[in-house]
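These are the residues of each chain, in order.
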Amino acid sequence: MGAMSNTENLIRIQNQLPQNVTLVAVSKTRSVAEIMEIYNAGQRIFGENKVQEMTEKWRQLPKDIQWHHIGHVQRNKIKYMGPYVTLLHGIDSLAILEEVDRQAAKHHRRINCLLQVRIAQEETKFGMTKEETLALLASDSYKNMQHASIVGLMGMASFTEDTLQIKREFLFLKALYDQITSSSLADNQFRILSMGMSGDYQIAIACGSTMVRIGSSIFGART
Ligand SMILES: *Cc1c(COP(=O)(O)O)cnc(C)c1O
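For clarity, every value in this text was computed on a predicted model and none was experimentally measured.

S.K.: Which residues make up the layout of surface pockets, and what are the values?
M.R.: Here the largest pocket defines a volume of roughly 770 Å³. Taken together, 32 residues form the lining of the largest pocket, with M156, A157, F159, M197 and D200 sitting closest to its centre. Residue composition of the lining of the largest pocket, by class: 12 nonpolar, 12 polar and 8 charged.

Given below as structure tokens:
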């Protein structure tokens, strides 16, 4: 039996996803041709973590693609995404959010953002604590923004074989998400819980994910 094609991988994953879970095809390091194959199979949402690479692909590829920025973002790079980005998954400070608001205003757009919460046990620089997340949502600075909207949370679980630990981390994020959606901090736009990658998306979905970010299970291992 031959290896599955990328299109077959995509369809197999799509068939596993519940109706309410959105698939972001993570296309970082992949060529325009590889992206077009998946596009032709119907995929319209792609995720990238390098702004320059994403902008180059946005220029070259069909304009009905929705581009998501999925990792930590540097403040001085946000301006390049201002004209087109659909969703930023990696917002981890007020300063970054303020820059998104400024750039979105320049382009007369509203740009949707997810707050990245640090849920992994491993040492990582990125993501906010629960307390920082709640404080940002409650801040006057955020409330006064006209062009940046926080529409949910994102988290990355530990890179481990210990599925119970992964589950604990995702459930922690789901509990925070539920706390926010049932409070006055969130409006009805707040409805995305981005968690789950190739190695752990089934666990993430079982824990309440509404958006999975999958790269290598579609395109093969990155080299
Ligand atoms: C690369 C990346 C993914 C996809 O990882 P795979 O293991 O290839 O599915 C998801 N989320 C983020 C933030 C990433 O950087």
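S.K.: So what about the pattern of salt bridges? Which residues, and what values?
M.R.: All told, the structure shown has 6 salt bridges when counted by the stated rule. Close ionic contact of R44 with D64 constitutes a salt bridge, the shortest N to O distance being 3.1 Å. Here the residue R44 occupies a position in the loop between α2 (32-40) and β2 (45-48), and D64 occupies one in the loop between α3 (51-60) and β3 (66-69), the gap between them amounting to 20 residues. The exposure class assigned to D64 is partly exposed, which follows from its relative accessible area of 40%. Where E99 meets R102, a salt bridge forms, and the shortest distance between an N and an O atom there is 2.9 Å. In this pair, E99 and R102 both sit in helix α5 (residues 94-106), 3 residues apart, roughly one turn of the helix. For E99, a relative accessible area of 11% translates into the label buried.

S.K.: I'd like a rundown of the site of the ligand, residues and numbers included.
M.R.: In the vicinity of the ligand, the residues found are V26, K28, I70, M154, M156, M197, S198, R213, I214, G215, S216 and R222. Contact distances for the ligand include 2.9 Å between a nitrogen atom and a side-chain N or O atom of R213. Within the contact set of the ligand, an oxygen atom lies 2.8 Å away from a backbone nitrogen or oxygen of S216. Protein coverage of the free-state accessible area of the ligand, which is 390 Å², stands at 91%. One can see that the ligand is located within the largest pocket. In terms of residue class, the shell around the ligand is built from 6 nonpolar, 3 polar and 3 charged.

Cut-offs applied
- Residues numbered from 1 in each chain as written.
- Predicted model: local features only at pLDDT ≥ 70, side-chain atom pairs only at ≥ 80, totals over all residues.
- Heavy atoms only, no water.
- 1 Å grid on protein atoms, 1.4 Å probe; cavity = no way out; pocket = protein on both sides within 12 Å on 5 of 7 lines; lining within 4 Å.
- Points joined across faces, edges and corners; volume = space filled by probe spheres on them.
- Nonpolar A, V, L, I, M, F, W, Y, C, P; charged D, E, K, R; others polar.
- Salt bridge = Lys/Arg side-chain N within 4 Å of Asp/Glu carboxyl O.
- Helix = DSSP H or I, 4+ residues; strand = E, 2+ residues; numbered from the N terminus.
- Buried < 20%, exposed > 50% of the residue type's maximum accessible area, 1.4 Å probe, protein only.
- Near = heavy atom within 4 Å.
- Polar contact = N/O pair within 3.5 Å; in protein donor to acceptor, adjacent residues only side chain to side chain.
- Areas by Shrake-Rupley, 256 points an atom, 1.4 Å probe, with all protein chains shown as cover.
- Sits in = over half its atoms within 2 Å of the grid points.

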